[in-house]
2 protein chains.
Amino acid sequence: MNVQIRQLATADADFDTSFQHVLHWSEATDHAIEQRVTDILGDVRTRGDAAVLEYTERFDGLKAASVAEFEIPRGELQAALASLPPVRRQALEAAADRVRDYHQRQLEVTGRSWSYRDADGTLLGQKVTPLDRVGIYVPGGKAQYPSSVLMNAIPAKVAGVGEIIMVVPTPGGERNAMVLAAAAVAGVDRAFTLGGAQAVGALAYGTATVPAVDKITGPGNAYVASAKRRVFGKVGIDMIAGPSEILVLADGTTPPDWVAMDLFSQAEHDEMAQSILLCPDAAYIAQVREAIDRLLPAMPRHEVIRASLEGRGALILTRSMEEACEISNRIAPEHLEVSSTDPHRWEPLLRHAGAIFLGAFTSESLGDYCAGPNHVLPTSGTARFSSPLGVYDFQKRSSLIEVSEAGAQKLGTIAAELAYSEGLQAHARAAELRLKDLTK
Amino acid sequence: MNVQIRQLATADADFDTSFQHVLHWSEATDHAIEQRVTDILGDVRTRGDAAVLEYTERFDGLKAASVAEFEIPRGELQAALASLPPVRRQALEAAADRVRDYHQRQLEVTGRSWSYRDADGTLLGQKVTPLDRVGIYVPGGKAQYPSSVLMNAIPAKVAGVGEIIMVVPTPGGERNAMVLAAAAVAGVDRAFTLGGAQAVGALAYGTATVPAVDKITGPGNAYVASAKRRVFGKVGIDMIAGPSEILVLADGTTPPDWVAMDLFSQAEHDEMAQSILLCPDAAYIAQVREAIDRLLPAMPRHEVIRASLEGRGALILTRSMEEACEISNRIAPEHLEVSSTDPHRWEPLLRHAGAIFLGAFTSESLGDYCAGPNHVLPTSGTARFSSPLGVYDFQKRSSLIEVSEAGAQKLGTIAAELAYSEGLQAHARAAELRLKDLTK
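For chain A, an unreviewed UniProt entry supplies the name Histidinol dehydrogenase and the organism Piscinibacter gummiphilus. According to UniProt, the comment filed for chain A under the heading Function (unreviewed entry) is "Catalyzes the sequential NAD-dependent oxidations of L-histidinol to L-histidinaldehyde and then to L-histidine." Listed under Sequence similarities (unreviewed entry) in UniProt, the entry text for chain A is "Belongs to the histidinol dehydrogenase family."

**Details of helix 1 (residues 15-23) of chain B**
Along an α-helix, residues three or four apart share an orientation, since each turn contains 3.6 residues. Residue and element names in this part refer to chain B. For helix 1, the set of buried residues is Phe15, Ser18, Phe19 and Val22. The buried residues of helix 1 occupy one face: seen down the axis, they fall within an arc of 100°. More than 90 degrees from the buried face of helix 1, the exposed residues found are Thr17 and His21. Contacts from the buried residues of helix 1 go to strand 1 (6-9), strand 11 (274-279), helix 12 (302-312), strand 12 (314-317) and helix 13 (321-331).

**A look at the sheet that holds strand 5 (residues 133-137) of chain B**
Residue and element names in this part refer to chain B. If you trace the 6 strands from one edge of the open sheet to the other, you get 2-7-6-5-8-9, paired in mixed fashion. Each having just a single partner strand, strand 2 (71-72) and strand 9 (236-237) make up the two edges of the open sheet. Pairing between strand 8 (residues 215-217) and strand 9: 2 bridges, direction parallel. Pairing of Ile216 across the sheet is with Ile237, part of strand 9.

**A look at the domain arrangement of chain A**
Parsing chain A into structural domains produces domain 1 (6-27 + 242-371), domain 2 (31-237) and domain 3 (403-439). Summarising the inter-unit geometry, the C-alpha centres of domain 2 of chain A and domain 3 of chain A are found 46 Å apart.

**Observations regarding the UniProt feature "binding site: substrate" (unreviewed entry) in chain A**
UniProt annotation of "binding site: substrate" (unreviewed entry) refers to Ser244, Gln266, His269, His335, Asp368, Glu422 and His427 of chain A when read in the numbering used here. In summary, the annotated positions, distributed over 184 residues, remain apart in three dimensions as well, the widest C-alpha pair reaching 55.8 Å. Tracing the backbone through its elements, the reader meets Ser244 of chain A in the loop between strand 9 (236-237) and strand 10 (245-250). The class for Ser244 of chain A is buried, based on a relative accessible area of 15%. If sequence neighbours within four positions are ignored, Ser244 of chain A has contacts with Gln266, His269, Ala273, Gln274, Glu334 and His335 of chain A. Apart from residues no more than four positions distant in its own chain, Asp368 of chain A is found in contact with Ser147, Met151, His335 and His375 of chain A together with His427 of chain B.

**Section: the side chain of Ser365 of chain A**
Of note, Ser365 of chain A is situated in helix 15 (residues 364-369). For Ser365 of chain A, a relative accessible area of 1% translates into the label buried. A distance of 3.0 Å separates the side chain of Ser365 of chain A from the backbone oxygen of His427 of chain B, its partner in a polar contact. Setting aside chain neighbours within four positions, we find Ser365 of chain A in contact with Ala415, His427, Ala430 and Ala431 of chain B.

**Focus on the relation of the copies chain A and chain B**
In screw terms, the move from chain A to chain B is a rotation of 180° and a rise of 0.0 Å along the axis, fitting with an RMSD of 0.0 Å. What the rotation and shift describe, once combined, is the action of a two-fold rotation axis. Among all residues of chain A, the one whose C-alpha sits closest to the rotation axis is Thr110 of chain A, at a distance of 2.3 Å. An overlap of 100% is found between the interface residues of chain A and their copies at the interface of chain B, pointing to a shared contact surface.

**A look at the pairing of strand 11 of chain B**
Residue and element names in this part refer to chain B. Burial analysis of strand 11 places 6 of its 6 residues in the buried class, which makes it a mostly covered element. Every second residue of strand 11 is oriented toward a common face, with Gln274, Ile276 and Leu278 on one face and Ser275, Leu277 and Cys279 on the other, all of them buried. Two elements, strand 10 (residues 245-250) and strand 11, share 5 bridges in a ladder whose sense is parallel. Looking across to strand 11, one finds that Leu249 is bridged to Leu278.

Parameters and conventions
- Residues numbered from 1 in each chain as written.
- Chains lettered and ligands numbered in written order.
- Predicted model: local features only at pLDDT ≥ 70, side-chain atom pairs only at ≥ 80, totals over all residues.
- Heavy atoms only, no water.
- UniProt positions renumbered as here; feature names shortened; annotations may be inferred.
- Buried < 20%, exposed > 50% of the residue type's maximum accessible area, 1.4 Å probe, protein only.
- Helix = DSSP H or I, 4+ residues; strand = E, 2+ residues; numbered from the N terminus.
- Arc of directions from axis to C-beta.
- Contact = heavy atoms within 4.5 Å.
- Pairing = 2+ DSSP bridges.
- Domains from an automatic or database assignment.
- Polar contact = N/O pair within 3.5 Å; in protein donor to acceptor, adjacent residues only side chain to side chain.
- Least-squares fit on C-alpha atoms with pLDDT ≥ 70 in both.

Written out as structure tokens, the structure reads:
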């Protein structure tokens, strides 16, 4: 049966309504989960290791006498790497190298301390320093994503984070060799087979065995997301990800099979993933539709892909590429492919996107694994105000100010005037005490 | 009566316990406030202007026929500026100039797009763009802080934000000339006399009159903080600030009166503000204590200062400056003064702080108003993982990837191998379709 993917045209009278319907997505708050997570976090905070042991036995079926038994020795991470078939190991290491190179560049360009002195000799600047210790949450169970280990741990490592702690649940005790190997390649310092809200709690508050971290990053299920939200403030967190999305902006010159497969590659993640094509060429849209129907049956994950495309996908005919760019800006997609022979013509028009993939050869999947940039990207329109995970997420800045004696004379008068206007007299006096004519 | 400020010494047997006691601060969650805020936000989201009108009448005593009446025309902002005494106006403009210069430098050094091509011709980089529209919350009522307008609006303006919307509650209709003048100087585009959770809701969801923004920054009371937490995800927010803190690390060479006044300038904010002195010289600590007792009675806000110093302040004798630096890192203070003749000896040892003020002439108050760096800084130890407000908070990044045909050959093999290992066959096929030997 052909895929019943929604088809819209911006020229339709009811386009805005239909388009809003396509975009609509809201994460329901599950109060039962919220309450469970609150309880688990409180328990881990109070009882530490004992609580972590109990929850890990209950949720993952892992029994142990101490949390220390859940630590995976560095040797085991290295052994997992050594155990891989050479081709797979080489792929993992090649991807890690490229991701490392890109983030190293990011560090060099935007992540260094800077300062300058003004005419008075006053020094102003920012000192950029890495976080001391971060925790990386890696989902376990059915789907295991070694690429996620690389994308979270490598920017932290490049930033110079002192210690990287990985947690990964292993329900039933099953450890994924690729995930452990990725941890070895990425330079994870310590790893624990822990998961769920209890792992987030252990990282946020620390236990006798699991050290407290300064920030927790990485994806997880609803319990993990809720726990991260709750510990925010005690520690930093990365964004809470919604369903993954791709928007393909096509001028009709890319082989339709390529575009169809790119839409599939997003749709295969899960049924809530969203794949949208924007194109000013109706005949091309028909070709992509034909490719979708022809290629789908051979895909192992065809059921998920179909459900995603039919539930949340759309093929949208636009009046022009310019209009397609405008609509893309309204969506602010996580992944944006500009599948065009002239991508640099359109790129300047694109204001909001997690990652922009330029030209027909740049399939999203290359970026997901090994082009170099991070695959952790803002979802659900949050690219309007947030950014890919990067070295900057594992650094923080401190302002540096050294006012010279001459500078204090000039600045002191200004500061005192403004402080008095705000009724903060001690602020004013502290500035005035540094004025020469008043102190002598 | 002398100020009963706590005095500790790191050599004390019970130092760690006493020190933890000094640092302890936890924001209680007020469930009544949480519920009220949830209701208000839901109401503003559903009923828009009508709800905003009702809440503004109820909470601020302002009656109007439409929300448009709450908009302050640009002309009124300019008129407020023109109405200021010349000295005050000059101080405001001089401060704005310095804050603008510093943030301009920040933009130049760390806020520009960058890209490079690797040997295959593949382009990698990041495009940095300003947010389209931001909302700035300015507290109203008794305490009015024009400096806060400058510190929030100027970085947004320097970042290139398209439109800056200010909201400021005016209970009873009283408008503060300095706040309006600061909005004019900082380049605020539109201003509304709205406040509380209803203003946050209007900015986050948009109403017929108030445009929806992409991010909301600025301090507020418990209702505002709760509302910001709740709209986070729909829009970006800055940090939720705790009480303000200063840590003075003194080598005993700064006039004790200066240090005492710097401690006061933090303490005068409110009773929960925290002022701590770390010093290896017991005689100097005694001099500062004497200065505190001598200077306090003349301070207009002496009651607040006393309550703050006695409730949350501390004078701590350390074994050395090195130990003082270590303790400072445990605190991760918002404001850190290195009051020493050799501040650059100690600065490299200081890993966590919102802003570091180097040398005796650099009173915190100069930084609060006009040195140039931002005065919105991470509080309550969050300097371990977060940064001063900056141009970067009003920008977002998009990864740029343009894989060349040659690059697609190399990357495709790697990506496909990893995608198969994760069971994501469409990802693998999308990469493989770009391989020449398979596509021909």
